[in-house]
Amino acid sequence: MKMLAPLAGKHNVTDFEALRRSFEWSQMERNFSWFNTGKLNAAYEAVDRHAENPAKADQLALIYQDGGTEEKWTFKQMKERSNQAANMLKALGVTKGDRVFLFMPRCPDFYASFFGILKNGAVAGPLFEAFMEQAVEDRLKDSGASVLITTAELLPRVNRANLPDLKEVVVLGCESSDMLHDYTELMDKASTEFEPVWLDKEDGMLLHYTSGSTGKPKGVFHAHRAMIQHYATGKWVLDLQQDDIYWCTADPGWVTGTSYGIFAPWLNGATNVIAGGRFTPEAWYSIIEKHKVTVWYTAPTALRKLAAAGDEVAHSHDLSSLRHVLSVGEPLNPEIIYWAEEVYGKRIHDTWWMTETGAMLIVNHPTLPIKPGAMGKPIPGIEAAVIDDAGNVLPPYTSGNLAVKAGWPSMMKTIWGNQEKFDSYFINGWYVSGDSAKVDEEGYFWFEGRLDDVINTSGKLVGPFEVESKLIEHPAVTEAAVIGKPDEERGEIIKAFITLDKGHKDSVELREELRLFIKKGLSAHAAPREIEIVTSIPKTRSGKIMRRLLRAKELGLPLGDTSTLEE
Ligand code: 6R9
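Residues numbered from 1 in each chain as written. Predicted model: local features only at pLDDT ≥ 70, side-chain atom pairs only at ≥ 80, totals over all residues. Heavy atoms only, no water.

As annotated in an unreviewed UniProt entry, the chain carries the name acetate--CoA ligase and comes from Terribacillus halophilus.

Structure follows, in structure tokens:
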């Protein structure tokens, strides 16, 4: 096994093994104002604290780039702009605990609004810009959101008739009417002064919807205490220092785009690059070159596309500013690590965590030698293990449930409106991730796969149930089953098996129509790339779709236990 030496240079923490032995989370809290006051607000810690520090006020907080559009905000401007958003929301009646959703593309006002929500003590719910009507409705409805901030372009996907809790809609790029508020008008008249609502560690901050194998997406609810771990991992793992130019490529509709696209960089006072627009290797390398990005947090699916684009594109840009590169969301192929070392002169550091865990848990930190293919080791303050279904810790090299001892700061508070679901994550005090893994004798963790049916396509989790439910809304479809099929570039693609209603025949047009139906109803990334018409869907006697069987058949693997299969 080839081991790659640790990252050279000076780091925030050099001896993780020693830190792991002595660390307790309460030590971290001393870095925040609430250690003295007892009250906190993550927006204050991420923005206002720096704006009030003369040495930092005029440092760039945000560099926004979308094609030819560029905007830069200092910490002082960030504070003023988010105060305006906070005043706007307060005038609309937003109070502590309300759910306020953001459905807009990445742009500076997204971030101002995000902190404006938090400053009111309300809970922010960011949605992917790519979501279509059904996906938007499910999330707004489940959360009982009372206010939505969106854009004129996305507004047609919001069906207010089905959303009785939604009181106010603020629209960027649209004039006010009886039903709508004009974002620009309200912001312009709002004061730049605002006293944040002071909160407790347990008060709600963020609601991220994530896919499960059954039922609609679940609302993972995070509290303000999560910031302790965003701050710590930003320092230890991203290795953020005051003069870093940091770029996290994730959309804030995904947890990586909030924990590491908002909190970690700004809590650590770094300059945060926000890139809008479409992905192209050319555009991405230009961003690194132009803004002299030093720390870059991205995902395997993007790295695989960059590798596929060829070495010349990379070599035609000056990427020498890069100091530290990291990845999350899917297994990081060893080939990609070797490729990056050759082409960028940088190793990619893998990190493992989930929406539910709120922040990184198992990582290749800067001073740990990398074993390509392994996710690394638990951060200080985290005890991880591989356990069996009864909660017993398994010896090295044995496959089992990847689990983490409950009780870390960024652990979700609950599943919104579903305490039972939340409780079902735990065995004997262990949080059970749904991933299977092995640990080696040196304590490195090796990812094996998901234990449920959740599909990971280009780093986005898609619940098969959600796609199946949508498919059967189409008049041609009687039943549907959806699986993930391995794919070189995307990790997995979505394949749908369907049975047709009487009077409908298989055709290229019909399949295309079904793909579009999902694209328009849910989102582009949920649309099946392959559709197969079958005469029946395998089910258990209790009526559950046996996706495992379809997957085994598709991949030519043994069918395994079929005892519960219905005749
Ligand atoms: C942050 C995030 C979580 C699931 C997780 C696992 C997969 C994440 C990974 C990884 C292999 C890694 N995953 N990081 N698999 N290696 N380094 O991705 O959150 O969208 O909730 O996904 O993603 O299966 O359980 P989320």
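Below, the discussion takes up the sheet that holds strand S15 (residues 362–363). Sheets are built from strands that pair by backbone hydrogen bonding, the pairs being arranged parallel or antiparallel. Judged by pairing direction, the sheet is mixed, and its nine strands sit side by side in the order S2-S1-S11-S10-S12-S13-S14-S15-S16 without closing on themselves. Each edge of the open sheet carries a strand with a single partner, namely strand S2 (69–74) and strand S16 (377–378). For strand S10 (residues 245–248) and strand S11 (residues 271–275), the ladder comprises three bridges, and the chain directions are parallel. Note that in S11 the partner of Tyr246 across the bridge is Asn272. (Pairing = 2+ DSSP bridges. Helix = DSSP H or I, 4+ residues; strand = E, 2+ residues; numbered from the N terminus.)

Here we come to the environment of Asn36. Within the secondary structure layout, Asn36 lies in helix H3 (residues 34–37). What makes Asn36 exposed here is its relative accessible area of 69%. In the structure, Asn36 is positioned 471 residues away from Ser507 in sequence and 68 Å away in space, judged by C-alpha atoms. (Buried < 20%, exposed > 50% of the residue type's maximum accessible area, 1.4 Å probe, protein only.)

On to the side chain of His230. For His230, the position within the fold is in helix H9 (residues 226–236). Using a relative accessible area of 1% as the deciding quantity, one classes His230 as buried. Within the structure, His230 has its side chain in polar contact with the backbone oxygen of Gly358 (distance 3.1 Å). (Polar contact = N/O pair within 3.5 Å; in protein donor to acceptor, adjacent residues only side chain to side chain.)

Moving on: the site of the ligand. The immediate surroundings of the ligand are formed by 19 residues, with Trp254, Asp350, Thr351, Thr355 and Arg450 found nearest. Residue Trp254 places a side-chain N or O atom 2.8 Å away from an oxygen atom belonging to the ligand. Here a nitrogen atom of the ligand and a backbone polar atom of Gly329 are 3.2 Å apart. Coverage of the ligand by the protein amounts to 99% of the 530 Å² it exposes when considered alone. Of all the elements in the fold, those that place two or more residues in the shell around the ligand are helix H10 (255–267), strand S14 (348–352) and strand S22 (445–450). For the shell around the ligand, a count of residues per class yields ten nonpolar, five polar and four charged. (Near = heavy atom within 4 Å. Areas by Shrake-Rupley, 256 points an atom, 1.4 Å probe, with all protein chains shown as cover. Nonpolar A, V, L, I, M, F, W, Y, C, P; charged D, E, K, R; others polar.)

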